[in-house]
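Given next are the chains, with one letter for each unit.
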Amino acid sequence: KKFPLIVFTVISGFFCFTENKAMKVSWIKAQCDLFQVVMQRATFFLFFVTLFLCALSPGFTQTLSISGYVHDNNGDNLPGANIIVENLDIGAVSNQNGFFFMNIPNVDTAILNVSYIGYKSAEIKIIASKPPALPMKIYLERDALNFSPIEIIGAKLLEKQVFIEPSFKVIRRSDINAISALDGNDVFRAIQNEPGVNSLNELSNQLYIRGGSPDQNLVLINGAPIYQPFHLFGLASSICGNSIDYVKYSSGGFSARYGDRMSSVLDIITQPGTDSLSMKLDWNLFSTDVTMAGSFGSKLRWRVTGRRSYYDTFGKMFDFEFPYYFYDLESKISYIPKEKTLISLSVFISGDNYSTSKTSTYYNSYYSSSSDLSLAHADSNTYYKVSKSGIKWINKLISLQYHRRFSSVMDNETRFYVSVLDQNYEYLKRFQGHKNASPLTLQYVAKRNEQYNFTTESTDAKTIFADYGLQSLFEYTPEGFYEITFGYGYSYKNLNYRWQIPDFNLINRYMNIFMDFPPDSMDFQQNLQSAFGIMEVIFTPKKNILNIRLGARPTWYSHCSEVVLDPRANLAWQATENIQMKLGVGKYSQALATSQEYGFYSTAGLYFPLKDAVSSSTHTILSLLFDNHWNFSTELSAYNKKFDNLFFINSESRFEKGTGRAFGLETSFNIRPCDWLFGQFAYIYSVIEKTQTAETFYPNYDIRHRISSRASIYLKKNWQIDLAWNFNTGRPANLYDSPVYTGEDTQSSSGLVGPPQEYLEFYLALPKNVFRYPAYHRLDITIKKTWHVRGNSLSCYLQVINIYDRKNVLYYGDIFEDKVVVVPDPTSEFKQFEYQYYTAEAVNGLPILPTIGVSYEIK
């Protein structure tokens, strides 16, 4: 049992206490030195952790490994089946071969609940003293559509996606819980640890997936779209972690049933209600969320989840003002009027509130030189400079879903939804007189307001984006070698953006609000319509060995009066029991997009249509998977994307078109060397390019090399340790004031170094990046303890973010002159050059940040 730990300890000790001489002679010494420092710091911590684990390893065997296959009565595999341990927050989902594996605490007796939509659930009793022969064989019988412990609408779809799509993954709640986040369980923080996903900085949880920007991700809640799934500053997602059942995540090559996005799909399935009244409370230093669930009779289940942050109150504890808070509310009602009919109602509301206010006191300069201070500082001569700004937005979504099984071979799923994004930006900057100000002072104040172009009343930016949609999907699955999916949909979108603001500046110049270059005035109103059809056929010449999916999605867009056809194809081949190959190619279109290339924060993005055109991308993805169905799996993926008609707004606030491309190679490993240790490791290489107005550049989320790793350690008595270490090379920096030189630029550890003074031209706000940030790396740890008492559970955790206090650069602030160096001219003893050094002020991200949290669940 100790052998893997001993080997790892020796390796980590080698990195900690010796120097790697090979690095010293490398042709790229600077990067190797950095890599050595990173490895030494990380492994220094892991070295002592593993020594500690070696001492405790006899207790690790206090877990029981369970594995098996889930089949139907005919012996066919059931991929996507849910295996849940009753009264424990532990579960697994079967893979494309119906196989599952998990560790459970070594209790005397454990009950496994195995469920699959359309089949009767099975309960498997596990007795620790008489463990079953592994792997187990579990067979489920067909049943009428009914409630299951984890509600899955359209399990056939999940089965197809798991087997066919090259970039599809089911992300469970346990995966989300294992990732450290400021605000507890955060689905987007968990997805950021997936291969191919980048972010602007460690404070933002916006997703840049395989070269795509956040607006190119289709985010769904129970199949209905939301358009601003992030809170302000990107500190947290707008979906409560405790409301999530699981997430269907595809980073490319997805089905024709998903449209109007070019990059990825995140279909978030929320939890249903429960048979009896239950409650769960999660508390941490930054927010609290509460979940209540239950049922009315045997046909209706309900659940409500609410969350409120206290960044505003938390700041007061440390004597600083943080004028911001958010709230979320999500609920779901499921009703079975008939044996084969299911109706679900989902409601989602998410809000943000940020506001600042500052008042400065001044006196009429006419009396400032007066020797009589009482006259100079009298109320009659007093006036104020008032600055107020704030932003509020509300996401609202309501969707009604109807699922009907007409026969054993025909299903229908119909959905109607309303999704609204309401954003309001308030701005006020003015001089105003004291209430007892004299007419002369008021006249002076009026002249100052006119001089600085200040308005006397606050101005607002009011934006409303509303989407009304109807979708219907039919699945015909006869016994044979083919299956057919077809459907249709309609969407009506209303865009209404209005404001009159003389100076669009909310927090600082690095905050991107609404768009790259917001004009002082905006009056944009447009109604858009689109209608689409879906046709998809799956051929299975050899069941569970070879699957071919061909699909097409024709879509009509009213703003350009054009019908766009998106053909797509997927192929999956199970070469051997352990090896699978997948291929995905296709075209993907998008009618609306945002333009936010600047800044280290992008928020409140506004969606616009590209005039007389539709943005599109083409995907080519190839994946090779190896899975021994026990303790090791690996995947190698290569992809290439091309983007056409990319939407952006230029410095004159005009709509323009651009192009882009992204390609990369991703490799990942999952390993379980023993029953108490699970690890994941991924390396990603990618290149992202954009071309705008004939200039090609790397966007600010172009990260060339990235390492993502995490480990889960299961100790005795329900202790668990989760570790996550991430490393990536620097992304391009988008400086607001970028020095532009005619000569060749270099970079020093202190900042920017320019060429001779005579070659310096000017400062310019550039749309393209001029240099890259330093490399980024961070180690997070979460220690969790769970108690189970009479079916209830209590969990307490300690989380430390950035445990070795890495100073990661969040952004570069002001650029200022550092020093001048005089250098003689080698060609003439009578001449000399002056070198002007410039320094960019580095603003760092998160320091070492410990947090605590408590979760209590009553069943």
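Below is a short write-up of the structure. All of these numbers come straight from a predicted model, not from anything done at the bench.

### Digging into the side chain of Q596
Alright, step 1. Mapped onto the fold, Q596 is located in the loop between strand 29 (592-593) and strand 30 (601-603).
Alright, step 2. Looking at Q596, the relative accessible area reads 16%, which means it is buried.
Alright, step 3. If near-sequence neighbours (up to four positions away) are discounted, Q596 is found in contact with N512, I513, F514, M515, D516, S602, T603, A604 and G605.

### Overview of the nonpolar core
Alright, step 1. Judged by nonpolar contacts, the single largest core of 47 residues is most densely connected at I391, F465, Y497, W499, F514, M515 and F608.
Alright, step 2. Judged by nonpolar contacts, the second largest core, of 24 residues, contains V219, I226, F230 and Y249.

### Some words on the sheet that holds strand 6 (residues 122-127)
Alright, step 1. The strand order across the open sheet built from 4 strands is 3-2-5-6, with neighbouring strands paired in antiparallel fashion. One side of each edge strand has no neighbouring strand; the edge strands of this open sheet are strand 3 (91-93) and strand 6. Each strand axis lies, on average, 20° off the axis of its neighbour in the sheet, ignoring direction.
Alright, step 2. One ladder, built from 3 bridges, connects strand 2 (residues 82-85) with strand 3; its direction is antiparallel. Pairing of I84 across the sheet is with G91, part of strand 3.

### Describing the pattern of salt bridges
Alright, step 1. Applying the stated criterion across every chain yields a total of 22 salt bridges.
Alright, step 2. Notably, a salt bridge pairs E202 with R778, separated by 3.0 Å at the nearest N-O pair. Note that E202 is positioned in the loop between strand 9 (197-198) and strand 10 (208-209) and R778 in strand 45 (residues 776-789), a separation of 576 residues in sequence.
Alright, step 3. For E202, a relative accessible area of 10% puts it in the buried group.
Alright, step 4. Among the residues examined, R778 registers a relative accessible area of 12% and is labelled buried.
Alright, step 5. Here E536 makes a salt bridge to R549, at a shortest N to O gap of 3.8 Å. Taken together, the positions of E536 in strand 25 (residues 521-542) and R549 in strand 26 (residues 546-557) put the pair 13 residues apart, joining distant regions of the chain.
Alright, step 6. Using a relative accessible area of 4% as the deciding quantity, one classes E536 as buried.
Alright, step 7. Residue classification places R549 among the buried positions, given a relative accessible area of 2%.
Alright, step 8. Several salt bridges share partner residues, and in doing so they unite E165, R257, E475, E536 and R549 into one network.

What counts, and where the lines are drawn
- Residues numbered from 1 in each chain as written.
- Predicted model: local features only at pLDDT ≥ 70, side-chain atom pairs only at ≥ 80, totals over all residues.
- Heavy atoms only, no water.
- Helix = DSSP H or I, 4+ residues; strand = E, 2+ residues; numbered from the N terminus.
- Buried < 20%, exposed > 50% of the residue type's maximum accessible area, 1.4 Å probe, protein only.
- Contact = heavy atoms within 4.5 Å.
- Core = buried A, V, L, I, M, F, W, Y, C linked by side-chain atoms within 4.5 Å.
- Pairing = 2+ DSSP bridges.
- Axes fitted to C-alpha atoms, helices over the stretch in contact; angles between N-to-C directions.
- Salt bridge = Lys/Arg side-chain N within 4 Å of Asp/Glu carboxyl O.

In short, shape yes, function no, at least from these values alone.
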